[in-house]
Amino acid sequence: MPDAPQSWPSCLCHGLISFLGFLLLLVTFPISGWFALKIVPTYERMIVFRLGRIRTPQGPGMVLLLPFIDSFQRVDLRTRAFNVPPCKLASKDGAVLSVGADVQFRIWDPVLSVMTVKDLNTATRMTAQNAMTKALLKRPLREIQMEKLKISDQLLLEINDVTRAWGLEVDRVELAVEAVLQPPQDSPAGPNLDSTLQHLALHFLGGSMNSVAGGAPSLGPDTVEMVSEVEPPAPQVGARSSPKQPLAEGLLTALQPFLSEALVSQVGACYQFNVVLPSGTQSTYFLDLTTGRGRVGHGVPDGIPDVVVEMAEADLQALLCRELRPLGAYMSGRLKVKGDLAMAMKLEAVLRALK
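Just so we're clear, the structure is a prediction, and the values are computed from it rather than from any experiment. (Residues numbered from 1 in each chain as written. Predicted model: local features only at pLDDT ≥ 70, side-chain atom pairs only at ≥ 80, totals over all residues. Heavy atoms only, no water.)

### A word on the overall build of the chain
When helices and strands are tallied, the chain shows 16 helices and 13 strands. Expressed as a percentage of the 355 residues in the chain, the buried residues total 43%. A sequence separation of at least 24 residues applies to 70% of the contacts in the chain between residues at least 6 apart. Carbon together with sulfur atoms contributes 58% to the accessible area of the chain, which is approximately 19,200 Å² in total. (Helix = DSSP H or I, 4+ residues; strand = E, 2+ residues; numbered from the N terminus. Buried < 20%, exposed > 50% of the residue type's maximum accessible area, 1.4 Å probe, protein only. Contact = heavy atoms within 4.5 Å. Areas by Shrake-Rupley, 256 points an atom, 1.4 Å probe, with all protein chains shown as cover.)

So, in structure tokens, the structure goes:
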């Protein structure tokens with residue numbers, strides 16, 4: 001960004017003050033040399049302002065500064081990176097998902113980076129977040145999941161269109177879909193995290209598939225229609241567990257006889273269930289389908305789980321009775337889900353084994 005031309009009185013004053021600065025430097029040398037000489041490494045450039053006017057970038061090597069006249073700012077030319085924190089976004093088909101991104105960038109014009117933006121990192125992060133939000137609002141959930149690389153390349157171009165004017169160039173953008181918080185609203189819901197949790201909750205409550213088949217027609221995967229499966233009384237629950245028994249115990253009872261090597265080969269994931277009881281205590285259970293015939297039991301798994309589900313016992317039942325929506329529960333902090341969505345959807349294979 002070139003400076004405006006100076007008038008002759010301004011040029012005269014500028015030259016006179018600069019001469020006096022050089023003279024002071026020579027008179028006080030070599031003591032002034034400790035303060036006036038600066039070393040600039042190869043990966044940096046020094047932007048010097050003399051009497052408020054910018055000079056050409058200095059460095060690498062030794063740079064001489066005039067005392068009381070020059071001010072400077074260092075600019076790092078190396079590639080740097082930051083992450084866009086995961087934020088909740090709504091896709092074109094009504095799905096709600098948590099999405100973040102990793103961005104790598106470098107400065108190609110030190111002068112522009114100093115003159116145009118005060119806080120370069122913050123401005124670049126906000127630009128990346130705005131571009132990510134606009135791009136995902138125009139796409140359905142399936143396209144976001146299947147074409148992350150294509151979307152990342154488009155984000156790279158859109159961000160660079162803004163940041164090149166700041167002397168900054170983005171080298172790489174990687175989109176990261178953390179979790180799907182709400183399935184699409186305008187299309188039939190496929191296997192997703194919320195429907196999987198509700199299927200599991202049906203088994204927690206002891207609603208066996210035999211009683212459903214005898215008293216009501218088979219329902220589709222739509223999570224809204226699951227309410228009718230819970231309404232009929234389930235007499236088998238009392239025969240297998242006491243009324244005071246935690247709901248998660250139903251999971252252990254239902255899964256134990258169905259573990260097999262075939263199921264382990266099909267799923268190949270480890271799950272952890274954290275259920276907060278009415279007493280305030282938390283019960284932890286695990287389902288490890290990674291080796292042998294699989295294991296299920298109390299406590300945490302031996303390794304790091306692929307999916308962790310945490311909720312209160314009462315909220316688990318409220319989700320099935322349509323008294324609490326999954327999205328509302330998540331937004332209010334009553335439902336917490338962490339882990340790999342692809343692994344979470346493999347719980348459908350476990351549910352099919354219970355039939």
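### Focus on the nonpolar core
Counting residues in each nonpolar core, the largest one holds 37 residues, and the members touching the most others are M132, L136, L155 and V170. Breaking this core down by element, the ones donating at least two residues are β2 (44–50), β6 (80–90), β7 (96–107), α3 (110–115), α4 (120–137), α5 (141–146), α6 (148–163) and β8 (168–182). Here this core gets seven residues from one element, more than from any other, and that element is α4. In this structure, this core is formed jointly by two domains, domain 1 (17–76) and domain 2 (79–182), each of which donates at least three residues. (Core = buried A, V, L, I, M, F, W, Y, C linked by side-chain atoms within 4.5 Å. Domains from an automatic or database assignment.)

### Some details on the sheet that holds β6
Judged by pairing direction, the sheet is antiparallel, and its three strands sit side by side in the order β6-β7-β8 without closing on themselves. Each edge of the open sheet carries a strand with a single partner, namely β6 and β8. Direction aside, the axes of adjacent strands within the sheet are offset by 15° on average. Strand direction decides the pairing type here: β7 and β8, joined by twelve bridges, are antiparallel. Its bridge partner lying in β8, D102 is registered against E174. Against the sheet, α4 engages β6, β7 and β8, with an angle of about 35° to β6. (Pairing = 2+ DSSP bridges. Axes fitted to C-alpha atoms, helices over the stretch in contact; angles between N-to-C directions.)

### With respect to the pattern of salt bridges
Applying the stated rule across the entire model yields nine salt bridges. A salt bridge links R106 to E169; the shortest N-O distance between them is 3.1 Å. Linking R106 in strand β7 with E169 in strand β8, this pair joins segments that are 63 residues apart in sequence. Residue classification places R106 among the partly exposed residues on the basis of a relative accessible area of 29%. Looking at E169, the relative accessible area reads 23%, which means it is partly exposed. A salt bridge links R106 to D171; the nearest nitrogen and oxygen atoms lie 3.5 Å apart. Remark: D171 occurs in strand β8 and R106 occurs in strand β7; sequence separation between them is 65 residues. D171 gets classed as partly exposed once you look at its relative accessible area, which sits at 33%. Members of the salt-bridge network, linked through shared partners, are R106, E169 and D171. (Salt bridge = Lys/Arg side-chain N within 4 Å of Asp/Glu carboxyl O.)

### Some points on the UniProt feature "transmembrane region" (unreviewed entry) in the chain
The UniProt record annotates "transmembrane region" (unreviewed entry) at residues 16–37. Measuring from the first to the last C-alpha atom of residues 16–37 gives 22 Å, for a span that is 73% helix and 5% strand. (UniProt positions renumbered as here; feature names shortened; annotations may be inferred.)

### With respect to the sheet that holds β2
Read across the open sheet, the three strands follow the order β3-β2-β5; overall the sheet is antiparallel. Looking at the sheet topology across the chains shown, the edges are occupied by β3 (53–54) and β5 (70–76). Relative to β3, β2 runs antiparallel, the two being bridged by two bridges. When the sheet's bridge partners are listed, F49 is paired in β3 with I54.

### Quick word on unusual backbone geometry
Residue G59 is joined to P60 through a cis peptide bond whose omega torsion reads 0°. Here P60 is to be found in the loop between β3 and β4 (61–64). If you check the backbone angles, F68 has positive phi at about 70° while not being a glycine. By secondary structure assignment, the location of F68 is in the loop between β4 and β5.

### Observations regarding the environment of M46
Positionally, M46 belongs in strand β2. For the pair formed by M46 and V111, sequence separation is 65 residues and the distance between their alpha carbons is 9.3 Å. With residues near it in sequence (within four places) discarded, M46 still touches K38, V40, T56, P57, Q58, V63, L65, F72, Q73 and R74.

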